[in-house]
Amino acid sequence: MSVVIVGGNECMVRRYIELCREYSCKAKVYPKLTASMKNIGSPDLLILFTATMSHKMLHSVLSGTNDSTLIARSHTSSCAALRGILDAHIKRS
């Protein structure tokens, strides 16, 4: 399963990716607004850490997703919040 994480802390990127690997997911993390965010593709799950992202970043990401993508939003960007989202949407292998 592919996961895209938008927002969060730059120092936590490695931890986000490792946690997604525990759930057998391939993850891309975008902690800051970049030009490549418009081409995120069609992930199975899009996770938005809303406290650490701007409105422009949110609109840029949501305009590039399709209707089949599951979207999960969390105000906090901790590993516990990410684990809760992954538990709710993905079965651990």
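Residues numbered from 1 in each chain as written. Predicted model: local features only at pLDDT ≥ 70, side-chain atom pairs only at ≥ 80, totals over all residues. Heavy atoms only, no water.

**Topic: the packing of aromatic side chains**
We describe a pair of aromatic rings using the distance from one ring centre to the other and the angle between the two ring planes.
(1) Moving on: All chains considered together, the criterion is met by one aromatic pair.
(2) Moving on: Arranged with centres 5.5 Å apart and planes meeting at 40°, the rings of Y16 and F49 form a pair that is tilted. Pair noted here: Y16 is in helix α1 (residues 13-22) and F49 is in strand β3 (residues 45-49), with a separation of 33 residues, a long-range link. (Phe/Tyr/Trp six-rings, centres within 6.5 Å; stacked < 30°, edge-to-face > 60°. Helix = DSSP H or I, 4+ residues; strand = E, 2+ residues; numbered from the N terminus.)

**Some remarks on the pattern of salt bridges**
(1) Moving on: The full count for this structure, using the stated rule, is two salt bridges.
(2) Moving on: A salt bridge links R14 to E18, with the nearest nitrogen and oxygen atoms 3.1 Å apart. Separated by four residues within a single helix, R14 and E18 lie in helix α1, roughly one turn from each other.
(3) Moving on: Accessibility expressed as a relative area gives 56% for R14, which makes it exposed. (Salt bridge = Lys/Arg side-chain N within 4 Å of Asp/Glu carboxyl O. Buried < 20%, exposed > 50% of the residue type's maximum accessible area, 1.4 Å probe, protein only.)

**Notes on helix α2 (residues 55-63)**
(1) Moving on: Looking at α2, one finds that the buried residues are M57, L58, S60 and V61. The arc that holds the buried residues of α2, viewed along the axis, is 165°, so those residues lie on one side. More than 90 degrees from the buried face of α2, the exposed residues found are H55, K56, H59 and S63. (Arc of directions from axis to C-beta.)

**Remarks on α1**
(1) Moving on: Those residues of α1 lying buried are Y16, L19 and C20. Across the axial projection of α1, the buried residues extend over an arc of 100°, all falling on one side. What points out from α1, more than 90 degrees from its buried face, is the exposed set R14 and R21.
(2) Moving on: Against the buried residues of α1 lie β1 (2-7), β2 (26-30), β3 and α3 (79-89).
(3) Moving on: At the C-terminal side of α1, S24 shows a positive phi close to 60°. (Contact = heavy atoms within 4.5 Å.)

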